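# Observations on the model geometry
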Amino acid sequence: MARYELVKGSLALITLTNPPVNALSSAVRYGITEKIKRALGDPKVKAVVICGENERFCGGADIREFAAPMRGHSLVMLFDDIEAGEKPVIAAIEGVALGGGFELALACHYRIAHSKARLGLPEVTLGLLPAAGGTQRLPRLIGIPAALELITTGHHVSAQEALKLGMVDQITDENACKMAVEFALRAVAKPLSSRRISTLTMPCPPNLDALFEAVTMQVQKKARGVMAPLACIQAVRAAATLPYSKGMKRESELMASLFSSSQARALQYCFFAQRTAGKWTLPSGAQWSNIKPRDIRRAAVIGLGTMGRGIAVSLARVGISVIAVETEKKLLETGRQMVIGMLERDAKRRGVTASLYLLQFTLSLQDVKDVDIVIEAVFEDMSLKKRLFRDLSKVCRPSTLLYTNTSGLDVDALAGVTDRPHMVAGMHFFSPAHVMKLLEVICGPRSSSETIATAMSLGKRMGKVCVAVGNCPGFVGNRMVKTYTDQANFLLEEGATPEQVDGALEEFGFAMGVFRMSDLAGLDVGWRIRKESGLTGPDVDPKDPPHRRQGHRYSPIPDMLCEQGRMGQKTGCGWYVYEKPGGTEAKPDPLIQKLLEGYRVRYSIQPRKISSQELIERCLYVLANEGFRVLEDGIAVQPEDIDVIYLFGYGFPRHRGGPMFYANMVGLGRVLDRLEHYHHAHPDVPHLKPSQLLKKLVACGSPPIQKWKEHIKTMHSHL
Ligand SMILES: CCCCCCC/C=C/C(=O)SCCNC(=O)CCNC(=O)[C@H](O)C(C)(C)COP(=O)(O)OP(=O)(O)OC[C@H]1O[C@@H](n2cnc3c(N)ncnc32)[C@H](O)[C@@H]1OP(=O)(O)O
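Thresholds, definitions, all that
Residues numbered from 1 in each chain as written. Predicted model: local features only at pLDDT ≥ 70, side-chain atom pairs only at ≥ 80, totals over all residues. Heavy atoms only, no water. UniProt positions renumbered as here; feature names shortened; annotations may be inferred. Disulfide = S-S within 2.5 Å. Buried < 20%, exposed > 50% of the residue type's maximum accessible area, 1.4 Å probe, protein only. Near = heavy atom within 4 Å. Polar contact = N/O pair within 3.5 Å; in protein donor to acceptor, adjacent residues only side chain to side chain. Areas by Shrake-Rupley, 256 points an atom, 1.4 Å probe, with all protein chains shown as cover. Helix = DSSP H or I, 4+ residues; strand = E, 2+ residues; numbered from the N terminus. Nonpolar A, V, L, I, M, F, W, Y, C, P; charged D, E, K, R; others polar. Pairing = 2+ DSSP bridges. Axes fitted to C-alpha atoms, helices over the stretch in contact; angles between N-to-C directions. Right-handed = clockwise from strand over helix to strand, strands pointing away. Domains from an automatic or database assignment. Contact = heavy atoms within 4.5 Å.

If you check an unreviewed UniProt entry, the protein chain appears there as Peroxisomal bifunctional enzyme from Triplophysa rosa. Entered under Pathway (unreviewed entry) in the UniProt record, the comment concerning the protein chain runs "Lipid metabolism; fatty acid beta-oxidation." Looking at the Subcellular location (unreviewed entry) heading of the UniProt record, one finds this comment for the protein chain: "Peroxisome".

### Brief notes about the state of the cysteines
Using the criterion set out here, one finds zero disulfides in the structure. With no disulfide of its own, cysteine 204 lies 18 Å from the sulfur of cysteine 232, the closest cysteine sulfur. Unpaired in terms of disulfides, cysteine 562 finds its nearest cysteine sulfur in cysteine 573, a separation of 11 Å. Judged by relative accessible area, which is 3%, cysteine 562 ranks as buried.

### Let's talk about the site of the ligand
In the neighbourhood of the ligand, 24 residues make up the surrounding shell, with Arg56, Ala61, Gly100, Arg275 and Lys279 lying closest. The separation between a nitrogen atom of the ligand and a polar main-chain atom of isoleucine 63 is 2.9 Å. Relative to its free-state accessible area of 1100 Å², the ligand is covered by the protein chains to the extent of 74%. Among the secondary structure elements, those contributing two or more residues to the shell around the ligand are α3 (100-107) and α11 (262-278). In terms of residue count, α11 provides more of the shell around the ligand than any other element does, three residues in total. For the shell around the ligand, the class distribution of residues is 13 nonpolar, four polar and seven charged.

### Here's the deal with the sheet that holds strand β5 (residues 96-98)
With respect to topology, three strands assemble into an open sheet ordered β5-β7-β8, the strand pairing being mixed. Each end of this open sheet is capped by a strand with a single partner; those strands are β5 and β8 (156-158). The sheet shows a mean angle of 20° between the axes of neighbouring strands, direction not considered. Note that strand β7 (residues 118-120) and β8 share three bridges and pair antiparallel.

### Regarding the pairing of strand β10 (residues 298-302)
A regular strand places its side chains so that they alternate between the two faces of the sheet. Taken across its five residues, β10 has four buried, putting it largely inside the fold. Pairing geometry for β10 and strand β11 (residues 321-325), over five bridges, is parallel. Bridged to isoleucine 302 within β11 is valine 325. A crossover connection joins β10 to the parallel β11 through helix α12 (residues 306-316); in handedness this β-α-β unit is right-handed.

### Some points on the domain arrangement of the protein chain
By the assigned domains, the protein chain splits into domain 1 (2-259), domain 2 (288-472), domain 3 (496-602) and domain 4 (612-634 + 637-711). With centres defined by C-alpha atoms, the gap from domain 1 to domain 3 works out at 51 Å.

### Side note on the UniProt feature "domain: 3-hydroxyacyl-CoA dehydrogenase C-terminal" (unreviewed entry) in the protein chain
Per the UniProt record, the feature "domain: 3-hydroxyacyl-CoA dehydrogenase C-terminal" (unreviewed entry) sits at residues 474-578 and 617-701. Across residues 474-578, the secondary structure splits into 51% helix and 4% strand, with the terminal C-alpha atoms separated by 30 Å.

### A word on the sheet that holds strand β14 (residues 401-404)
Backbone-to-backbone hydrogen bonds join strands into a sheet, with any given pair of strands oriented parallel or antiparallel. Taken in spatial order, the eight strands of this open sheet run β12-β11-β10-β13-β14-β15-β16-β17, and their pairing is mixed. The two strands at the open ends of the sheet, each matched to only one other strand, are β12 (359-362) and β17 (465-470). Geometrically, the sheet is characterised by an average inter-axis angle of 25° between neighbouring strands, direction not taken into account. Sheet analysis places strand β13 (residues 373-376) next to β14, joined by four bridges and oriented parallel. Residue pairing across strands places glutamate 376 opposite threonine 404, the latter belonging to β14. Where helix α14 (residues 382-395) meets the sheet, it contacts β10, β13, β14 and β15 (424-429), and its direction lies at approximately 170° from that of β14. Along the sheet face, helix α24 (residues 639-649) touches β16 (438-443) and β17 and points at about 130° away from the line of β17.

Printed below as a string of C-alpha cells:
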C-alpha cells in the first residue's frame, strides 16, 4: 500500500498505492508509517519524497472506514513524526490532495504541486473536520481568514490559487514527482526549523472575535442546524488562541463529537449514494460498464422557453453544437438573446470565451435533419408533443436519438408515435436547467440500452448528476412530491398556516418550505396539470364534492388561489404576499388567513393546533412511503437513487441524507407506526396507508438501507 524506492542514491521515494484515489486506509497508514521509519533511520537517505500512484497524490482518509470506530495507525502521530524528522520531506502533489491527503502534505516540509492539481479540506462536507492537524496547521500557514473559508466550506482550490494562498511552495507543468526529487536534493542542506508548520507563530488579525462571530453567523445562515461547520470554526479558534498541542487536543474532542453523529452518517451516505446512482443497471443486464454511449457532437433543442434555453446553454458550454428551434420569429429572437446572454455571463464567470459559434437558431424543423440527438422542450402538452415526435420521425435521419424533456408525461406514448420507439427516452431537466444538477433519465419500456447510456453519459458531460428511472406519471421526483404537497395542503385545512408548515420544514433543514417553493415556481404550473387531469375545472365530475376526487380527499385551496390570480412571486401574491410582482420577500398574508378560515367554516372543519412534529411527520413520512412504493413498482432500483433525486432536485437537506435515508434513521418501525396512526385518522388519504415494502422491511427486522435492495422483489421492473 506504500512503495519504497531509493533514488539518486540518497533519496527515499515513498509512493502511496491504493487506487483509485490512494485513500489513507489502515493498510496505507501502516505502509507509510513503516516506510517513513525506514527512511528516517537509514543513514544513506538524506531526504524523502512522498507521491501517489496514477498521478493522484491522495483523496484523504478512507471514508468507508468511518462506518466503524477508527483502528490502526494514527494519522496524527504519523504526521507529527514526519514533521519532527530531521530529514526534509517533500510532498509531490499530482491530481488531488484532499482531506487527510492535504493534511499529510501539510506535515511535510515542502509541497510541490502539478499545475492541474486540486487541494482542499472537504471533511466538512462529510460531517467531519480535518482532525489530523488540518485545523491547526492550515491557519498557521495561510492565516485565519483564508483557513476558515477553506475549512468551513470544504472548497477545493486549484494549484494556482494554492500557490497564491501559500498552501504550496511551487507549482509545475512537469511531472511533480520528478520536480520534487530535484527540489529534495537542493533542500538537503537547508535548515528545517522554519518549515515545521506546527511551530510557526499564528498570524492573528486584530479583530479576532468579530471575525469568528461574522463567520459563525454566515455559516448558521447558510447551513441551518448543520453541526460540522460550527465545530470547524471552534477548532480554528483553538488554533488561534491555544498552543499547538492544546489545539490538537481540542481538534480531537470536536472530531469525536462529530464522528458518530447522525449528520456525519447522512453526509457520508450522500457521498456514496451519488456514486452508486451513476452506476445504472437495466433488467436486461445492460449497465453503465458494458454499454457504449454514442458520441454526441450535434444536438437540436426544440422550444426556447425557460427549459429549452437552459438545455441549450448546458449543451453549448461543453462543446456540443446546438440548433435551437422555435415556431415564431418573436419567440426565436427572445430565446436567442436569452441564450447568448446566459452563455456570455457563464463564460465570464468561468474566465473562458463564450462558445457562441456553436449556436444556430431556426424556425424550420427541417434544419435538425442531421443532428445526433434531439431534446424536445416544448409546452407540457401531450398532443403537441406527439405531433412534434411524429414530425421528427419524418425529418431526422434514422440514427437520431429522440429525447423528451417532460416532467411527468408518458414517455412510451411518445415513443409509440415515432418510427424508432427504441431510440426514444426521457431527459427530465430541472429548472433552471443550466444551473440545477439533477437529470432524471426516463427509460421507457422500449428504450434501448444505448439510448439510455447516451442520455446518462451526455448528462454527466454536462455536469449533471444523472439517475435512471422508470416511466410512470411524474417518474420518481414529481410522483413523490405530490404526496408531500397534498399533505401540506391538508394541514392548512386542518388548522395550520403556510408560515407554520414552511417554518417546520425550514427548521428541519429545507432552504425553503413547500409554500414558499410553490410561490417561487408559480402556482399556475400545478393548476394547469390538475386541469388537464380533470381534478379541477370544467371536467370535474359534478357528483364530486369540492374536497373529494375519485373517492379520495382533495384540497381545492391551491385552485382557489389560482382562480384569484394568486400565482406566486411573479404576480406579487400566492401563499404569501410580496412587495411587488416579481418580489422575493415573503410576508404572511391576512387574506390567506381569511380564505382558510372561510374554507374551514364552509366545510365544518374544526381547526386544531398542529404540532411541528405532526407537520414534519405528515409531510416527510408520506414522502418516504411513496418512495417505498416507487421501489416496489420498480420505478427506481434502489433507495440511493431516490435520495439523490431529492438532494439534487428538491432541496432535501443533505445532512438528513434524503427521504429514504431519513426514514431509515428515524427507524422504519416508528415510520410505520406513525403512518398507521395518521392513516387511521385520515382513511380517505391513500398515500398515508403504509406501503407493502415498508411493512415487509419492518417484518424483516428493519435491515440497513444498503440491504433494502435484497428485499425488493418487484413484480416487474419498469427499468
Ligand atoms: C478519529 C478519527 C481521526 C481521523 C482523522 C481523519 C481526518 C481526515 C479525514 C478525511 O480525509 S475525510 C476524506 C476527505 N476526502 C474527500 O472528501 C475526497 C472524496 N473524494 C472525492 O472528492 C473524489 O472522489 C475525488 C478524489 C475528487 C476523485 O473524483 P473522481 O470523480 O475522479 O472519482 P470518484 O468517482 O469520485 O471516486 C472514485 C472511487 O473512489 C472512491 N473514493 C473517493 N474518495 C474516497 C475516499 N476518500 N475514501 C474512500 N473511497 C473514496 C469513490 O467512492 C469511488 O468509488 P467507486 O464508486 O468507484 O467504488
